[in-house]
Amino acid sequence: MSKLQNKFEFIGNVFISNDKEKFHEVKEFDSGWVKNRLSFAVQESKTNSVFVELEGGYSKSKPNKVYSFSKGTENKKGSKLEIPWADRLKDETVNMVADFSKIIIDFNDESVKEKLNDLRYKLRGLDNKDSLTEEEKKSRSKLLDEYKELNVNGAEFIHEYDAIQFLSENLEKYKDKKFKITGSVEYNTWNGRNFRKFKIQTIEIVSNDTPSQLRANMDVFYTNDSLDETSFDEEKKYFIDAYVLSYDNQAKRDRFFPQQLVINAKKLDFNNELHLKRLELLKNFFKVDEDGVYHLLWEVNIFRGADEVDFTEDDLSPNQKEMIALGLNTLDDFKPKGGMLGESREENRLLKPILKKVNDSNDFTEGALTSTYEVEDLTYIPQQAQKTAPSEGKEESKVTEEEKDNAFDDLFA
């Protein structure tokens with residue numbers, strides 16, 4: 001099997017701290033290393049937001065280089081690049097780097113995007129050729145000039161440091177816009193604790209009517225005892241003690257990080273047969289009979305906030321209850337404006353498995369695959385590391401019963 005990257009796609013408004021140092025933090029170390037970190041929140045709703053970040057720096061005491069990857073062609077794979085620090089911002093350097101090795105920023109409005117996308121399509125067609133004729137070289141050069149002239153509110157960088165400087169200076173100008181941000185989900189260990197971060201690769205403005213979401217595609221590893229059904233009657237949730245594979249900077253290799261996942265049934269109508277069948281379907285993917293380590297790609301709803309909860313008579317004061325009993329008020333008269341929120345929590349809610357062939361060694365068409373790992377590989381954790389705290393929660397949308405039946409993606413969000 002080959003390793004799959006855990007990716008996210010967040011759509012929403014951004015929240016930037018008024019404290020500039022929390023938005024763009026700069027730390028200089030005795031070694032001469034200058035670390036820059038940029039972090040801001042993406043809001044799916046007023047009660048659900050997740051932080052994304054970029055981190056990069058340079059050394060004042062040692063020569064700096066950029067390690068990247070070149071574009072491939074139809075018959076040639078791309079290759080590793082070692083780029084001099086002084087050349088990293090040159091157009092010819094940026095243009096030879098593969099898109100997946102860049103940070104791409106697009107603050108252009110909708111009127112420009114269609115033309116930019118057309119130019120990108122034409123350029124990719126030429127870049128995919130093993131060799132170009134003189135006429136094609138001239139055409140490519142002209143297309144690049146057109147793209148640069150039109151892309152006045154966009155930029156591409158091959159090093160995180162430069163993307164951080166650009167976003168630090170420009171993002172706040174567009175804070176009233178809606179964004180789509182994509183990137184990788186990465187894990188690390190620091191001071192005996194595991195952390196997860198959402199590392200930005202692309203950021204672009206989208207129309208305000210684009211549905212908000214905080215979604216990730218994650219390759220989930222688990223065993224036949226990962227499913228925990230014990231608290232379902234009380235919480236209406238199944239918990240899965242799963243693992244994800246990520247590069248550990250301390251161990252200098254890929255390793256497993258524990259990650260609790262949830263099948264959230266709080267929105268379900270338990271008198272609705274379709275809802276119950278969907279719940280059983282999701283749960284059954286984790287009911288494996290044999291020993292070993294299984295894995296399956298899942299679409300996950302990332303939540304960090306508070307759920308909206310029902311307002312009932314139990315939430316009334318004695319005087320309010322008496323007013324209702326005497327016919328002077330109804331329960332609706334006392335409901336808080338905007339609804340009532342439950343406790344704050346973090347949760348990774350499983351929406352649906354991604355049952356498709358990703359590559360020759362990861363074909364999930366029939367469901368979960370047996371991995372090449374042993375159970376012992378999952379439980380190996382560096383001495384200082386410890387299991388991450390459970391993550392939980394999402395705001396419930398007010399939709400009709402018919403919409404609930406059809407909206408499989410949102411039913412378990």
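## With respect to the overall build of the protein chain
Now for step 1: Broken down by element type, the protein chain carries 12 helices and 19 strands.
Now for step 2: When each of the 413 residues of the protein chain is scored for burial, the buried share is 46%.
Now for step 3: Here the protein chain displays about 22,900 Å² of accessible surface, and carbon together with sulfur accounts for 46% of that area.

## Re unusual backbone geometry
Now for step 1: For Lys-236, which is not a glycine, the phi torsion comes out positive at approximately 60 degrees.
Now for step 2: Its place among the elements puts Lys-236 in the loop between α6 (232-235) and β13 (237-248).

## Section: helix α4 (residues 134-150)
Now for step 1: The end-to-end C-alpha separation of α4 is 25 Å, in line with the 24 Å expected for 17 residues at 1.5 Å each.
Now for step 2: Contacts made by the buried residues of α4 are with α2 (91-96), α3 (110-127) and β8 (154-157).

## Overview of a nonpolar patch on the surface
Now for step 1: On the surface, Met-323, Leu-326 and Leu-328 cluster together to form a nonpolar patch covering roughly 310 Å² of accessible area.
Now for step 2: Relative to the helices and strands, Met-323 resides in helix α8 (residues 318-325).

## Some words on the packing of aromatic side chains
Now for step 1: Taken as a whole and judged by the stated rule, the model has 21 aromatic pairs.
Now for step 2: Measuring from ring centre to ring centre gives 6.2 Å for Tyr-222 and Tyr-294, while their planes differ by 25 degrees; the resulting arrangement is stacked. Of this pair, Tyr-222 sits in strand β11 (residues 213-222) while Tyr-294 sits in strand β15 (residues 294-309); the two residues are 72 residues apart in sequence, bridging distant segments of the chain. Tyr-294 matches Tyr-222 in its accessibility class, with the two residues each being buried.
Now for step 3: Among the aromatic residues, those joined into a cluster by ring pairs are Phe-107, Phe-157, Phe-166, Tyr-174 and Phe-179.
Now for step 4: The aromatic ring of Trp-85 is capped on one face by Arg-88, whose charged end is 3.9 Å from the ring centroid.

## Let's talk about the pairing of strand β3 (residues 33-45)
Now for step 1: Of all 13 residues in β3, 10 are buried, a share of seventy percent or more.
Now for step 2: Sheet analysis places strand β1 (residues 7-15) next to β3, joined by three bridges and oriented antiparallel. When the sheet's bridge partners are listed, Phe-15 is paired in β3 with Ala-41.
Now for step 3: Of the pairings in the sheet, the one linking strand β2 (residues 24-28) to β3 comprises five bridges and is antiparallel in character. Each bridged residue has a counterpart across the sheet, and for Lys-27 the counterpart in β3 is Lys-35.
Now for step 4: Between β2 and the antiparallel strand that follows it, β3, lie four residues; Gly-32 among them carries a positive phi value of about 100 degrees.
Now for step 5: Across 12 bridges, β3 lies against strand β4 (residues 48-59) in antiparallel orientation. When the sheet's bridge partners are listed, Phe-40 is paired in β4 with Val-52.

## Observations concerning the environment of Pro-336
Now for step 1: Along the chain, Pro-336 falls in the loop between α9 (331-334) and β16 (340-353).
Now for step 2: Owing to a relative accessible area of 33%, Pro-336 belongs among the partly exposed residues under this scheme.
Now for step 3: Taking the C-alpha atoms as reference, Pro-336 lies 8.2 Å from Phe-311; in sequence the two are 25 residues apart.

## Examining a negative patch on the surface
Now for step 1: A cluster of acidic side chains, namely Asp-225, Asp-289, Glu-290 and Asp-291, defines a negative patch on the protein surface.
Now for step 2: As for its placement among the helices and strands, Asp-289 is situated in the loop between α7 (273-284) and β15.

## Structural notes on the packing of α3 against α4
Each pair of packed helices gets described by two things: the angle between the helix axes and the distance between those axes.
Now for step 1: With their axes 10 Å apart at the nearest point, α3 and α4 run at an angle of 155 degrees to one another. Classified by the angle between their axes, α3 and α4 sit roughly antiparallel to one another. The chirality of how α3 crosses α4 is left-handed. Touching Val-112, Lys-115, Leu-116, Leu-119, Arg-120, Lys-122, Leu-123, Leu-126 and Asp-127 of α3 are Glu-136, Ser-139, Arg-140, Leu-143, Leu-144, Glu-146, Tyr-147 and Leu-150, all from α4.
Now for step 2: For the contact of α3 with α4, the residue count by class is nine nonpolar, one polar and seven charged.

## What about the pattern of salt bridges?
Now for step 1: One pass over the full model with this rule turns up 30 salt bridges.
Now for step 2: One salt bridge connects Asp-360 with Lys-357, and the closest N-O pair in it is separated by 3.3 Å.
Now for step 3: Residue Asp-360 is classed as exposed on the basis of its relative accessible area, which comes to 72%.
Now for step 4: Among the residues examined, Lys-357 registers a relative accessible area of 48% and is labelled partly exposed.
Now for step 5: Linked by salt bridges that have partners in common, Asp-99, Lys-102, Arg-124 and Glu-156 make up one network.

## Some thoughts on the confidence of the model for the protein chain
Now for step 1: Overall, the predicted model of the protein chain reaches an average pLDDT of 88, with 90% of residues at or above 70.
Now for step 2: Confidence drops under a pLDDT of 50 for residues 384-407, and excluding neighbours within four residues, the segment shows 65 contacts in the predicted structure.

## Side note on the nonpolar core
Now for step 1: Judged by nonpolar contacts, the single largest core of 63 residues is most densely connected at Phe-40 and Phe-107.
Now for step 2: Tallying contributions element by element places β15 first for this core, with six residues.
Now for step 3: When near neighbours in sequence (up to four residues on either side) are disregarded, Phe-107 contacts Asn-153, Gly-154, Phe-166, Leu-167, Asn-170, Leu-171, Tyr-174, Phe-179, Ile-203 and Ile-205.

## Considering α7
Now for step 1: Along its 12 residues, α7 runs 16 Å from first to last C-alpha, staying within 8% of the 16 Å computed at 1.5 Å per residue.
Now for step 2: Buried within α7 are the following residues: His-275, Arg-278, Leu-279, Leu-282 and Lys-283. End-on view of α7: buried residues confined to an arc of 130 degrees, all on one side of the axis. Projecting away from the buried face of α7 at angles above 90 degrees are the exposed residues Glu-273 and Lys-277.
Now for step 3: Where α7 begins, the capping side chain belongs to Asn-272, and its oxygen is found 2.9 Å from the backbone nitrogen of Leu-274.

Basis of the calculations
- Residues numbered from 1 in each chain as written.
- Predicted model: local features only at pLDDT ≥ 70, side-chain atom pairs only at ≥ 80, totals over all residues.
- Heavy atoms only, no water.
- Helix = DSSP H or I, 4+ residues; strand = E, 2+ residues; numbered from the N terminus.
- Buried < 20%, exposed > 50% of the residue type's maximum accessible area, 1.4 Å probe, protein only.
- Areas by Shrake-Rupley, 256 points an atom, 1.4 Å probe, with all protein chains shown as cover.
- Expected span 1.5 Å × (residues − 1).
- Contact = heavy atoms within 4.5 Å.
- Patch = residues over 30% accessible without salt bridge, like charges linked within 9 Å, V, L, I, M, F, W, Y side chains within 5 Å.
- Salt bridge = Lys/Arg side-chain N within 4 Å of Asp/Glu carboxyl O.
- Phe/Tyr/Trp six-rings, centres within 6.5 Å; stacked < 30°, edge-to-face > 60°.
- Lys NZ or Arg CZ within 6 Å of the ring centre and 35° of its normal.
- Pairing = 2+ DSSP bridges.
- Lys, Arg positive; Asp, Glu negative; His and termini not counted.
- Charge placed at Lys NZ, Arg CZ, Asp CG, Glu CD.
- Axes fitted to C-alpha atoms, helices over the stretch in contact; angles between N-to-C directions.
- Parallel < 35°, antiparallel > 145°, perpendicular 65-115°, else oblique.
- Left-handed = near helix turned anticlockwise from the far one by under 90°.
- Nonpolar A, V, L, I, M, F, W, Y, C, P; charged D, E, K, R; others polar.
- pLDDT = per-residue confidence, 0-100.
- Core = buried A, V, L, I, M, F, W, Y, C linked by side-chain atoms within 4.5 Å.
- Arc of directions from axis to C-beta.
- Polar contact = N/O pair within 3.5 Å; in protein donor to acceptor, adjacent residues only side chain to side chain.

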